[in-house]
Amino acid sequence: MAPTQVNKILKVYKSIAQHPTLTGAKIVQTSENGTTVQSNWTQRNLERHNKQKFSKFHFLNGDFQLANESFPIDVTTELASTFSKDGERRAVLRQVTEDNSTKQFIEIWEKHCVVKNYDLAALDVHGEVYTDAEFSAFKWSPDKTKLLYIAEKKDPKSEPFYKQTSQDKKEKEKKDENKAAPGNEYLYKPDWGEQLVGKHHPIVAVLDTTTDLINVLPGIPEDLSPGQVSWTPNGSDVVGVTFKHEPRHLGLVACTNRDSWVFHLKDGEFKKLSENGNAVHSPRFSPDGKYLIWLEREAGGLHHNCHRLMAMTWESSPGKVEVVIDRVETQTTINVSTKQHLSQKNFFGLYNYSLPERCWSKDSRYLFLSTPQKANIRSYIINIEEKTVIEIENDSSSLVILDVVDSVIAFLRTSLIEPSILLLGRFDPENALLGQIARFEVTPLKPLENFKDIQYEPVDYTYDSSEDVKTFNYIYFGPKDGKEKSIPLVVVAHGGPHSAYSNIFSLDYTLMISLGFGVVQVNYRGSTGMGQKTVEYLQGKVGVNDVKDCMTATQDALKKYPWLDPARIGLYGGSHGGFLVTHLSGQYSDMFSAVVARNPVINIAAMFVTSDIPDWCASAIARPYDEVKKSLSGPACEEVLLKMYNCSPIVHVNNVKAPTLLCIGKNDLRVPPSQGKLWYHRLKENNVKTKMLVYDDNHSLGSGPSEIDNIINAMIWLMEHTSSETQATA
């Protein structure tokens, strides 16, 4: 590609990257006179090759009109922060680089200055504090004297079997006091897998800012890993989630199916509050302390699926547990308000990875949450006592609840053509049944350049067949019209497979549109947000039904949008999306002009013995994980491995014609790099044009240098091989 065209791509990329992403918001203070909100953002810093974090404070009057706001404050070195309930104290977990090594500090701030600073490495009570989405917590006690958090268990010291010792008597006596066990330097320590490397055994820690002591809370069984902890309403006990890590840590990121329990820890006594056989997350207390709620599904099987919302009556001691919102098999109807009248709307269940930390109305009767629904994210009001679901009125954009305090709600609004903005609204219980919450923009919308003639449109497709599940959806994102067969198309398939495309802003797809492509995002059967039955329908049919749905969406879009060119179609996908685009290029070799596959699954049979989630491979062929493990040392071994192999893209590799770009993370534990390398070598042997980029990164390829390089290279590849000149030559 000519340097001028590369410079054009880079210029457009830089323009889109200037739009920051709203990652969270905290309502700091509310009163009749006004509200203070802290918003948190990330923005790509191309010169520093990283994602820069910053926060802003917004001061609004009683009518939610912006009165003033602070200048953005860089918080890149802040790993976590939290205000006490009265807003008088703020704790910050900060990462600092000293002498080419990183250290963690906890800072305690009051309104005028830092009043305390704790060097966690020097105190040497535990390892690093966890800040991931699976385990982390960072919370003040109700009396604002203690901090509760999760950290890595302190390792026992180890040394070689043979080591010369100091002849200094005092130094020798000092070392003898902390004598290390010999021979354990190279002991294997399993961790929680992809993007949780180094997290082996978490513990619950409490920092007492009065005594300046850190205590590790006893009582958690050794075979369980605690996380997501919070104080009980009286501030003396702890509630959280424990994950089973024996006999093996299975990868946790994006997997809501791990054996886990909601627990209560009181005076060193550990008690499970949820039933065995389930996977749980997001325990939350109501403001009045009457309820403890959490999300729950069956453990094992599909890595993500529909959840139940559970509630326990807490008050003075743990009590009765009830289902508030059950799993939805296909769909159910709920009330939704329009400006004209109250009507019924389909509801497809809860597919949350987490609930907002604060998600309750002031009176503790209503819960607020957001969840994917088909090709969108919708927000809901849950009446805990009546067990009803009310959809919050919204347009076609996605609406996400970030924080709730005293019935003031902070929202994120976004869409494919709208970068994220912060909204505030006030919940009025009198209008609860209507789902009407007036919202006010706190941050301005910065429109995308040259997007006036761009649209997005969700499309439902139903097969004329006798299948149990026959409906899926896709999103068309691109020009509103154009000359017939004038626009190249990129078909994109999401990973998982049990996730979904939602109507949210994305740099990748915005860049594609800006460079002249139309995009079709396929939510094939097996995607979330369409009922549990749809999610489970893909088991045993991967490489067949998901491929069929991608092809159907492609053909339907070509008919529906005649300006798309059937002779210039590219494919783009990562993980299971990479599995699908390599499948499509092999099964329909004359249909596609170019392929970009990021960490693709190529051979499920080989992945079973190398991935951090081998149970995913068993689920793909609709077999229980324990059964597959046993079969590998029994007579059914060949049958199981053959079934995994036969549903994999590798079966069709000899048919591939489309030029293929592979983007591989060499530290990927989820889909090991050997998968992509296998595809690369086979294509090279078959004289198919191919190129492979290998990054010092993990499965997400999300670090600064990796992200910009693989996205720009992907755009170059797609433009080169779907241009009208290239196709004319072909």
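Structural data are supplied above this passage.
Residues numbered from 1 in each chain as written. Predicted model: local features only at pLDDT ≥ 70, side-chain atom pairs only at ≥ 80, totals over all residues. Heavy atoms only, no water.

> For this particular structure, what's the right way to read the overall build of the protein?
Secondary structure summary: the protein contains 14 helices and 40 strands in total. In terms of principal-axis extent, the alpha carbons of the protein reach across some 80 × 75 × 55 Å. Looking at the protein alone, contacts between residues at least 24 apart form 60% of all its contacts between residues at least 6 apart. For the protein, the exposed surface amounts to about 31,900 Å²; the carbon and sulfur share of it is 49%. Of note, the protein has its 80 positive side-chain charges centred 2 Å away from the centre of its 89 negative side-chain charges. (Helix = DSSP H or I, 4+ residues; strand = E, 2+ residues; numbered from the N terminus. Contact = heavy atoms within 4.5 Å. Areas by Shrake-Rupley, 256 points an atom, 1.4 Å probe, with all protein chains shown as cover. Lys, Arg positive; Asp, Glu negative; His and termini not counted. Charge placed at Lys NZ, Arg CZ, Asp CG, Glu CD.)

> Mind showing me how you'd approach the pairing of strand S40 (residues 690–695) here?
Sheet faces and side chains relate simply in a regular strand, where the side chains alternate between the two faces. Here six bridges tie strand S39 (residues 660–665) to S40, and the two strands are oriented parallel to one another. The residue bridging Ile-664 from the neighbouring strand is Val-694, located in S40. Taking the sense of rotation as the criterion, the β-α-β connection linking S39, helix H12 (residues 673–685) and S40 turns out right-handed. (Pairing = 2+ DSSP bridges. Right-handed = clockwise from strand over helix to strand, strands pointing away.)

> Just checking my understanding: could you explain the nonpolar core for this structure?
Within soluble globular proteins, side chains that are nonpolar generally end up buried alongside one another. Of all hydrophobic cores here, the largest spans 62 residues; its most connected members are Leu-564, Ile-604 and Met-644. The greatest single-element share of this core, amounting to six residues, is contributed by helix H6 (residues 545–560). Discounting chain neighbours no more than four positions away, the residues touching Leu-564 are Tyr-476, Lys-485, Ile-487, Leu-489, Gly-518, Ala-557 and Leu-558. If you look at the next biggest cluster of nonpolar residues, it comprises 43 residues, including Ile-513, Ile-708, Met-715 and Met-719. (Core = buried A, V, L, I, M, F, W, Y, C linked by side-chain atoms within 4.5 Å. Buried < 20%, exposed > 50% of the residue type's maximum accessible area, 1.4 Å probe, protein only.)

> Mind showing me how you'd approach the sheet that holds strand S14 (residues 202–208) here?
By way of backbone hydrogen bonds, the strands of a sheet pair with one another, either parallel or antiparallel. Taken together, the four strands give an open sheet; going across it, the order is S10-S11-S14-S15, and neighbouring strands pair in antiparallel fashion. Both edges of this open sheet fall to strand S10 (138–140) and strand S15 (213–216), since each of them pairs with a single strand only. Strand after strand, the sheet turns through a mean of 25 degrees between neighbouring axes, direction not considered. The pairing of strand S11 (residues 146–152) with S14 spans seven bridges and is antiparallel. Each bridged residue has a counterpart across the sheet, and for Glu-152 the counterpart in S14 is Pro-202. (Axes fitted to C-alpha atoms, helices over the stretch in contact; angles between N-to-C directions.)

> Explain the sheet that holds strand S20 (residues 278–285) to me, please; I cannot follow it from the model alone.
Spatially, S20-S21-S22-S23 is the arrangement adopted by the four strands of the open sheet, whose pairing is antiparallel. Each edge of the sheet is formed by a strand with only one pairing partner; in this case those strands are S20 and strand S23 (321–325). Neighbouring strand axes in the sheet, compared pairwise and without regard to direction, differ in orientation by 30 degrees on average. Of the strand pairs in this sheet, strand S21 (residues 291–298) and strand S22 (residues 308–313) are connected by six bridges, and their pairing is antiparallel. Bridging across to S22, Glu-296 finds its partner in Arg-308.

> For this particular structure, what's the right way to read helix H1 (residues 3–17)?
Since the α-helix turns once every 3.6 residues, residues separated by three or four places project in the same direction. Over its 15 residues, H1 runs 21 Å from end to end, which matches the ideal 21 Å to within 8%, given 1.5 Å per residue. Among all positions of H1, only Ile-9, Val-12, Tyr-13, Ile-16 and Ala-17 are buried. Down the axis, H1 shows its buried residues gathered within 135 degrees of arc, on one side only. Looking at H1, the residues exposed on the side facing more than 90 degrees away from the buried face are Pro-3, Thr-4 and Lys-11. The inward-facing, buried residues of H1 abut strand S2 (34–45), helix H4 (507–514) and helix H13 (704–722). (Expected span 1.5 Å × (residues − 1). Arc of directions from axis to C-beta.)

> Help me understand the environment of Glu-467 in this model?
Along the polypeptide, Glu-467 turns up in the loop between strand S33 (454–462) and strand S34 (471–479). Under the relative-accessibility criterion, Glu-467 is labelled buried at 19%. Beyond its immediate chain neighbours, meaning those up to four positions away, Glu-467 contacts Arg-525, Tyr-537, Asn-545 and Lys-548. Within the structure, Glu-467 has its side chain in polar contact with the side chain of Tyr-537 (distance 3.3 Å). (Polar contact = N/O pair within 3.5 Å; in protein donor to acceptor, adjacent residues only side chain to side chain.)

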